[in-house]
Amino acid sequence: MLTGKKAVIFDMDGSLVDSMWIWPEVDRIYMDKYNLTAPATFHKDIEGMSYVETAQYFVRTFTTLDQTVENVMQEWRDMTVRLYATKVFPKPGAVEFLDQLKKDGIRLGIATSNDREIAEAALKGRGLTKYFDSVRTSSEVASGKPAPDVYLKVAEDINVDPGNCLVFEDVINGILAGKNAGMEVCAVDDEFTRADKAAKKAAADYFIRDFFDVLKNTYERC
């Protein structure tokens, strides 16, 4: 998996850290507050969207929501920063894997659809900031996942050709973003996307249950 790779780029939520549980809770609290009813396609609609794109979706979709995109984002941010800083933990084997990558001189990056303040809260809260040479969000590029923009931006930051980068992702749109960037992608198992396991394997180059699979060379080739 790592043969010939000069950089590893991680999606954050559901891939590097166990945080996907936060968003349904934030959505529930927010929708209850404003008496909103999610459409049946809600979760698929927002999968892979940037923070800004998701807020725009809320304002566009929920016509009774008398809020600006900026107000929606700020309210979400206030609710989630504290949770990310205190309740989010790395996936099993992630820290050990990061230590090994650093020891081997591999460049490391984060390419997340999340908000920068929230991403930094999660990384700082668990002492992970020191590992990464670049942290980029989809809000900082033209288009969110499945567009390749955020992955290409990280590769540019760390001065590594996309073909020499390996991506770890937990959702279909993220996997497609990595592939669209010309990178190999390892799909990461996560409780919140387990129903998509077959599709994730079909789209990715590798599949792991956790990062110990990489360390022990027990990962699956897809």
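Above: the structure in question.
Fair warning: this is a prediction, and the values are worked out from it, not measured in the lab.

### Observations regarding the packing of aromatic side chains
Next, step 1: The final tally for this structure, using the stated rule, is 19 aromatic pairs.
Next, step 2: Here Tyr30 and Tyr34 contribute two aromatic rings whose centre-to-centre distance is 4.8 Å and whose plane-to-plane angle is 50°, an arrangement assigned as tilted. Linking Tyr30 with Tyr34, this pair stays in helix H1 (residues 22-34), spanning 4 residues, or about one helical turn.
Next, step 3: By relative accessible area, Tyr34 is classed as partly exposed at 22%.

### Description of the nonpolar core
Next, step 1: Formed by 53 residues in total, the largest nonpolar core has its most connected members in Phe10, Leu16, Phe132 and Phe168.
Next, step 2: For this core, the element with the most residues is helix H4 (residues 69-87), which contributes 7 residues.
Next, step 3: Other than its neighbours up to four places away in sequence, Phe132 contacts Phe10, Leu16, Leu98, Leu108, Gly109, Ile110 and Leu123.

### Considerations on the pattern of salt bridges
Next, step 1: Counted according to the given criterion, the structure contains 21 salt bridges.
Next, step 2: One salt bridge in this structure joins Arg116 and Glu120, with 3.0 Å as the shortest N-O distance. With Arg116 and Glu120 both in helix H6 (residues 116-125), this residue pair falls 4 residues apart, about one helical turn.
Next, step 3: Judged by relative accessible area, which is 26%, Arg116 ranks as partly exposed.
Next, step 4: On the basis of relative accessibility, which here comes to 28%, the residue Glu120 falls in the partly exposed class.

Criteria and cut-off values
- Residues numbered from 1 in each chain as written.
- Predicted model: local features only at pLDDT ≥ 70, side-chain atom pairs only at ≥ 80, totals over all residues.
- Heavy atoms only, no water.
- Phe/Tyr/Trp six-rings, centres within 6.5 Å; stacked < 30°, edge-to-face > 60°.
- Helix = DSSP H or I, 4+ residues; strand = E, 2+ residues; numbered from the N terminus.
- Buried < 20%, exposed > 50% of the residue type's maximum accessible area, 1.4 Å probe, protein only.
- Core = buried A, V, L, I, M, F, W, Y, C linked by side-chain atoms within 4.5 Å.
- Contact = heavy atoms within 4.5 Å.
- Salt bridge = Lys/Arg side-chain N within 4 Å of Asp/Glu carboxyl O.

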